[in-house]
Amino acid sequence: MGHRHPYFLVHEGRAGASTVVDGESLINFSSYDYLGFNQHPDVHRAAVEAVGLYGVSPSASRLVAGERKIHTDLERALAEHYSQDASLSFVSGYGTNVSVIGALMGPKDLILFDSLAHNSIIAGAKLSGAKVRSFPHNDLDALDAALQRRRGLYQRVLIVAEGLYSMDGDVCDLPRLVDIKTRHRAMLMIDEAHSLGVLGRHGRGSFERFGVDPRSVDIWMGTLSKTLASCGGFVAASSTLIEFFKHNAGGFVFSVALAPAFAAAALAAHRLLLVSGERVERLRENAGLFSRLARSQGLDLGESLGEAVIPVIVGDSVRAVAVSSNLLGRGVNVQPIIYPAVRDGAARLRFFISSEHSREQIEVAVLCLAEELRRAGTEQGPVAQRGSR
């Protein structure tokens, strides 16, 4: 359609609040580095030291090649964070959900997940062989009613929701989910991929935001690649469940262990999180500023609560790509999310806010965004109509 391809841009260095593409410096809103730990010298130092001590690769799965202390140190910290007995790290965040859900549930069981749950949750549910049903996004009345009808038909039930939804920027109702799972004797799994470092006064996640005892959730899942500035995933749960996953979750049993440098970087980032209240507060202020400025320009932020993940709804996929391309030309990098990643007619530009964005960067980005959306609305109407059918 005459626009630059919006994906697979080649970044020439560290991508944080700003980045360099084709020699040009850009304000960057396409990084999950919510607290800027990817740029932090303590994280870099930990990764380098781990390479010196353990080498680059663990070479095989932990069942085959044995343990490394850096893995157990990281897992102990994550278990303590969520007040669980134990935790387990995986080489992939996506693979964590697929492996854990796929291993845990079976043909006599039922899995109920939020309709906007991540693809990895859906893939794991299908892999399990359990009966799989979604409930409308954040409609817990529908979830409760479904369990009233169906709970007696299945041996076990797993409810899966996300703490902070990465496409819409809203949150689950954790207290009510805990109540529902308790009354219906179900298990509850919460995906904290975008919650850790973002939600709660100190960035501890969903349980802190809602004042919920983290032990009331059966399985906490998270990724290491966002606030924790590394790569991989983890689950925190009872010692019984973690021991089960060590011997039955395919993504752990049959996959190489997390690279020692990744484990060390994640552990260093987690230690920083525990003492970085000022960064969490700065992130909250930046996200609030972006939201206020965008809404003052009449932009549609959908259901976003202004908690680091802020979608700007454009509607038509072609228009979303056009606006993203035009913003890139003005020094702002933000990715379009288009069908089928979101439903047809709900294309958006998805802004990830960082504690490291400056006020000026946010103000410039919102002004450019508003101008390009107005221009797209007047100049690209015929194209949008063709694309939206």
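These figures come from a predicted structure and were not determined experimentally.

Q: Tell me what's going on with the overall build of the protein, and back it up with residues and numbers.
A: Scanning the protein from terminus to terminus reveals 15 helices and 13 strands. Over its C-alpha atoms the protein spans a radius of gyration of 21 Å, differing by no more than 12% from the 21 Å that the globule rule assigns to 389 residues. In terms of principal-axis extent, the alpha carbons of the protein reach across some 60 × 55 × 35 Å. Burial analysis of the protein (389 residues in total) assigns 58% to the buried set. Within the protein, contacts between residues separated by at least 24 positions form 71% of all contacts whose residues are at least 6 apart in sequence. Accessible surface, the protein: about 16,200 Å² in total, of which carbon and sulfur atoms supply 52%. Treating the 41 positive side-chain charges of the protein as one cloud and the 41 negative ones as another, the clouds have centres 4 Å apart.

Q: Go over the pairing of strand β1 (residues 18-21) with me, naming the residues and quoting the values.
A: Burial of β1 is one-sided: the residues T19 and V21 facing one way are buried, the residues S18 and V20 facing the other way are not. Turn length for the β1-strand β2 (residues 24-28) hairpin, with the two strands adjacent in sequence and antiparallel, is 2 residues, and the turn residue D22 shows positive phi of about 55°.

Q: If you had to explain the pairing of strand β13 (residues 347-352) to someone new, which residues and values would you point to?
A: A regular strand carries its side chains on alternate faces of the sheet. Across the 6 residues of β13, 6 count as buried, placing the element largely inside the fold. Side chains A347, L349 and F351 project from β13 onto one buried face, and the interleaved R348, R350 and F352 project onto a second face that is buried too. Pairing analysis gives 6 bridges linking strand β10 (residues 309-315) to β13, with the strands arranged antiparallel. The residue bridging V312 from the neighbouring strand is L349, located in β13. Relative to β13, strand β12 (residues 335-337) runs antiparallel, the two being bridged by 3 bridges. Bridging across to β13, P336 finds its partner in L349.

Q: Tell me about the pattern of salt bridges, and please be specific about residues and values.
A: Taken as a whole, this structure holds 20 salt bridges when the rule is applied. D218 is paired through a salt bridge with K181; the nearest N and O atoms lie 3.1 Å apart. You can see D218 sitting in the loop between α8 (206-210) and β8 (219-223) and its partner K181 sitting in helix α7 (residues 174-183), a full 37 residues away along the chain. Overall, the relative accessible area of 22% leaves D218 in the partly exposed class. When the shortest N-O distance is used, the salt bridge between R330 and E371 registers 2.6 Å. Here R330 is found in the loop between α13 (317-329) and β11 (332-333), whereas its partner E371 is found in helix α14 (residues 359-379), with 41 residues between them in sequence. Connected through salt bridges with shared partners, the residues R330, E371, E372 and R375 form a single ionic network.

Q: Before we move on, can you summarise the sheet that holds β10 with the specific residues and values?
A: Strands sit in the order β10-β13-β12 across an open sheet of 3 strands; the sheet is antiparallel. One side of each edge strand has no neighbouring strand; the edge strands of this open sheet are β10 and β12. Each adjacent strand pair in this sheet contributes to an overall mean axis angle of 35°, direction not counted. On top of the sheet, α13 reaches β10, β12 and β13; it is set at about 40° to β13, its chief contact.

Q: Describe unusual backbone geometry, naming the residues involved and giving the relevant values.
A: In this structure, the amide linkage connecting Y339 to the following residue, P340, adopts the cis form with an omega of 10°. Relative to the assigned elements, P340 resides in the loop between β12 and β13. Backbone geometry places D22, a non-glycine residue, at a positive phi of 55°. In this fold, D22 is placed in the loop between β1 and β2. Residues other than glycine seldom take positive phi values, yet A308 does so here, at roughly 80°. On the secondary structure map, A308 appears in the loop between α12 (277-296) and β10.

Q: Which residues make up the packing of helix α4 (residues 93-104) against helix α9 (residues 239-248), and what are the values?
A: Packing of α4 against α9 brings their axes to within 10 Å, and their N-to-C directions diverge by 105°. In terms of orientation, α4 lies roughly perpendicular with respect to α9. Where α4 abuts α9, its residues V100, A103 and L104 lie against L241, F244, F245 and N248. Counted by class, the contact of α4 with α9 contains 6 nonpolar, 1 polar and no charged residues.

Q: An account of the sheet that holds β11 is requested, with residue identities and associated values reported.
A: Taken in spatial order, the 3 strands of this open sheet run β1-β2-β11, and their pairing is mixed. Bordering the open sheet on either side are β1 and β11, each of which pairs with just one other strand. Taken together, the 4 bridges between β1 and β2 define a ladder with antiparallel strand orientation. Pairing of T19 across the sheet is with L26, part of β2.

Q: Pulling in residues and values, what's your account of the confidence of the model for the protein?
A: Of the residues in the protein, 96% have a pLDDT of 70 or more, and the chain-wide mean is 94. Taken as a whole, residues 379-389 scores under 50 in pLDDT and shows 16 contacts with residues more than four places along the chain or in a different chain.

Q: Give me the packing of aromatic side chains: which residues, what numbers.
A: Per the stated rule, a full pass over the model turns up 12 aromatic pairs. Residues F207 and W220 carry aromatic rings whose centres are separated by 5.9 Å and whose planes lie at 70° to one another, so their mutual orientation is edge-to-face. With a gap of 13 residues between them, F207 in helix α8 and W220 in strand β8 connect regions that are remote in the sequence. Judged on exposure class, the residue F207 and its partner W220 are both buried. Centroid distance F290 to F351: 4.8 Å. Interplanar angle 45°. Geometry classified as tilted.

Calculation notes
Residues numbered from 1 in each chain as written. Predicted model: local features only at pLDDT ≥ 70, side-chain atom pairs only at ≥ 80, totals over all residues. Heavy atoms only, no water. Helix = DSSP H or I, 4+ residues; strand = E, 2+ residues; numbered from the N terminus. Rg over C-alpha atoms; globule rule 2.2 N^0.38 Å. Buried < 20%, exposed > 50% of the residue type's maximum accessible area, 1.4 Å probe, protein only. Contact = heavy atoms within 4.5 Å. Areas by Shrake-Rupley, 256 points an atom, 1.4 Å probe, with all protein chains shown as cover. Lys, Arg positive; Asp, Glu negative; His and termini not counted. Charge placed at Lys NZ, Arg CZ, Asp CG, Glu CD. Pairing = 2+ DSSP bridges. Salt bridge = Lys/Arg side-chain N within 4 Å of Asp/Glu carboxyl O. Axes fitted to C-alpha atoms, helices over the stretch in contact; angles between N-to-C directions. Parallel < 35°, antiparallel > 145°, perpendicular 65-115°, else oblique. Nonpolar A, V, L, I, M, F, W, Y, C, P; charged D, E, K, R; others polar. pLDDT = per-residue confidence, 0-100. Phe/Tyr/Trp six-rings, centres within 6.5 Å; stacked < 30°, edge-to-face > 60°.

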